[in-house]
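# Summary of the model geometry
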Amino acid sequence: MIIIKTPKEIEILREGGHRLAAILEKVVKMVKPGISSQELDEYAFTLIREGGDEAAFLNYKPDGASYPYPASLCVSVNNEIVHGIPKKNVILKEGDIVSLDCGLKHKGLFTDHAVTVAVGEINKEDQKLLDITKESLAIGINEARSGNTTGDIGFAIEQFIKPFKYGIVREMSGHGVGRAIHEEPYVPNFGKRGKGAKLVSGMVIAIEPMVNLGGDDIIFDDDGYTIRTRDGKKSAHFEHTILITDGEPEILTKM
Ligand code: MG
Ligand code: MG
C-alpha cells in the first residue's frame, strides 16, 4: 500500500531530512586517506544520537537477511555498490571512491540519503562517474511530480545514463519511505514512461540511482549485505528522500 503522508508527518520528515543531510555532510568531511569505514560509522552514530534521533539502519533486518544490519552507515568502497558493512580493517586510500548511505528515524519517521565522494585525488574517469550519477539523480527528481509515474522517473534516469555506456543496477531500486525505511512503491532506475505507480501529492519516495563504470551484473559477498559489481569496476550511488507536491518536487534530505 502506498502511504500518503499527513501535513504533520511531512513537517517531521522535513526536519528529519534536514538533520540527516547535515549529519551526512559532516561524515563526508571526515573522508580522507587513512580513515577506516568503521570510524565513519561511529561518527555517524554519535551525531545521530547527539540529535536525539535513531539510526534507522542499525539492527534493521531486511526480508531474507540472516542477521540484522550491524551499523548506522553503509560504506561501499570502489566496486562495492551498496550495503557495505563498516569494518575496522577497511581503510580508505587515495584514489578510492566511497558511497555513504544513512537512514535516520526522527520522531518515529524515516528519511534515507546517500552520496558518493572521492578519497583524496581521483582519476577523471571516476570523477565523471560521480558527476553523471549525481546528475542522473537530479534528472530523476525532476520527474517526481504529481501525475507522473515511477516509470517516468526510471525512464528519465535510464535515458540519461545510456549514452555513457554505464551499467545501471537493476536488482535494487528506490522506494517509498517515511513510516518505514522501505515502503511501496518500488522506484526502479529504469523503466517506461507512464508505467509503474502513479505519483500523488503527499507521497514520499527515495530515489537512488546506482551506476557502474562497467556492466550491470552484481554479486553478493558472503557477509549477506555487501553488493559489488561482478566485473570489479567501480560504482556510484546518490540518494535523496523526495516529497511529491502539486508543484516542484521537494528534496527533504537537504541542508
Ligand atoms: Mg539509502
Ligand atoms: Mg534507500
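See the structure printed just above.
Right, let's walk through the structure included here. (Residues numbered from 1 in each chain as written. Chains lettered and ligands numbered in written order. Predicted model: local features only at pLDDT ≥ 70, side-chain atom pairs only at ≥ 80, totals over all residues. Heavy atoms only, no water.)

## Quick notes on the side chain of Ser235
Selection rule: Helix and strand assignments come from DSSP, with helices taken as H or I runs of at least 4 residues and strands as E runs of at least 2, each series counted from the N terminus. By the criterion applied in these results, polar contacts are pairs of N or O atoms within 3.5 Å in which, for protein atoms, one can donate a hydrogen and the other can accept it, and in which residues neighboring in sequence qualify only through two side-chain atoms. Two residues form a contact once any of their heavy atoms are found within 4.5 Å.
Looking at where Ser235 falls in the secondary structure, it is placed in strand 13 (residues 235-237). Among the polar contacts made by the side chain of Ser235, one reaches the main-chain carbonyl oxygen of Val211 at a distance of 3.3 Å. Only 2.7 Å separates the side chain of Ser235 from the side chain of Asn212, close enough to count as a polar contact. Once residues within four sequence positions are removed from consideration, Ser235 is found in contact with Asn78, Glu80, Ile81, Ile97, Leu129, Val211, Asn212 and Thr229.

## Focus on the environment of Lys192
Position of Lys192 relative to the elements: it lies in the loop between strand 8 (183-187) and strand 9 (204-207). Residues Lys192 and Thr150 lie 42 residues apart in sequence; the distance between their C-alpha atoms is 8.8 Å. Among residues more than four places away in sequence, those in contact with Lys192 are Gly151, Asp152 and Phe155.

## Topic: the side chain of Lys234
Worth spelling out the cut-off: Only protein chains enter the accessibility calculation, which uses a 1.4 Å probe; a residue is then buried when its area is under 20% of its type maximum, exposed when over 50%, and partly exposed in between.
Here Lys234 lies in the loop between strand 12 (227-229) and strand 13. Among the residues examined, Lys234 registers a relative accessible area of 19% and is labelled buried. Beyond its immediate sequence surroundings of up to four residues, Lys234 is in contact with Asn78, Asn79, Gly95, Ile97, Asp126, Leu129, Val211, Asn212 and Leu213.

## Observations regarding the pattern of salt bridges
Basically, it comes down to this: In the sections that follow, a salt bridge refers to a side-chain nitrogen of Lys or Arg positioned within 4 Å of a carboxyl oxygen of Asp or Glu.
If you walk through the whole model with that rule in mind, you get 17 salt bridges. With a closest N to O distance of 3.3 Å, Arg228 and Glu80 form a salt bridge. You can see Arg228 sitting in strand 12 and its partner Glu80 sitting in strand 3 (residues 80-82), a full 148 residues away along the chain. Given the relative accessible area of 16%, Glu80 is considered buried. Through salt bridges with shared partners, a single network forms among Glu11, Arg14 and Glu250.

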